[in-house]
Amino acid sequence: VAVTLLPQAEMARSVGGEQVCVTVVVPPGSDPHTYEPSASQLVALSQARIYFRLGPGLLPLEDGVVDRLQAMNPGILVVDTSAGIERLSGGEGGQGYDPHVWLSPVNARIMVENIGKGYIQADPGGEAGYTARRDAYVREINRTDESIRAVLSGKAGEKFLVVHPAWGYFARDYGLEQVAIE
């Protein structure tokens, strides 16, 4: 299984269980806005049976990687993990969409559901295991969401300061306003 970013790897491993090996396109510490995978990395990625992408139009790097992988491996299953998420504008330079969909537990829940569907599509025989692990992970996300809502109760409309404007989905889902200094 291949994913674009490290946060997706956690989701893919949790739902996939012991039988999956997850490869991350953008290594830790690299900037996904400027990272370019090597030819050897693309060859290794092309061996994946499933590619869990953030979603079309969220990261230009990802769009290019998906196109190349599909050309190298026409049978690869590409799953849009952000399907069903209402996207916010605010990509690089104010263009496109904000790619930081995973930073909201509300969105993370949708992403995990989409990952579960992808595994079941690729391996229908493993449905019971994928469903059980997906449901367990969703329960964790729900507990986190409830905890955040309790902490933020009565804080609607409050502002919070961030360096990079990555928290738009989180702010939207909890009635807050991010103020980015970058």
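Keep in mind it's a predicted model, so treat the numbers as computed, not measured. (Residues numbered from 1 in each chain as written. Predicted model: local features only at pLDDT ≥ 70, side-chain atom pairs only at ≥ 80, totals over all residues. Heavy atoms only, no water.)

A. Structural detail: the environment of Val163. As for its placement among the helices and strands, Val163 is situated in the loop between strand 5 (159-162) and helix 6 (168-174). With residues up to four places along the chain from it excluded, the contact list for Val163 reads Ala180, Ile181 and Glu182. (Helix = DSSP H or I, 4+ residues; strand = E, 2+ residues; numbered from the N terminus. Contact = heavy atoms within 4.5 Å.)

B. Just the sheet that holds strand 3 (residues 50-53), in detail. The four strands are arranged 2-1-3-4 in an open sheet whose pairing can be described as parallel. A strand with exactly one partner marks an edge of an open sheet, and here the two such strands are strand 2 (23-24) and strand 4 (77-80). (Pairing = 2+ DSSP bridges.)

C. Summary view of the packing of aromatic side chains. Using the criterion set out here, one finds five aromatic pairs in the structure. Ring centres 5.7 Å apart and planes at 90° place the aromatic pair Trp167 and Phe170 in the edge-to-face group. Of the residues examined, Trp167 reaches a relative accessible area of 31% and is grouped as partly exposed. Look at Phe170 and you get buried, because its relative accessible area is 15%. Both rings, one in Phe170 and one in Tyr174, keep their centres 4.8 Å apart while their planes meet at 50°; by these two values the pair is tilted. Taken together, the residues span about one helical turn, with Phe170 and Tyr174 both in helix 6 at a distance of four residues. By relative accessible area, which is 8% here, Tyr174 ends up buried. Members of the aromatic cluster, each reached through a chain of ring pairs, are Phe160, Trp167, Phe170 and Tyr174. (Phe/Tyr/Trp six-rings, centres within 6.5 Å; stacked < 30°, edge-to-face > 60°. Buried < 20%, exposed > 50% of the residue type's maximum accessible area, 1.4 Å probe, protein only.)

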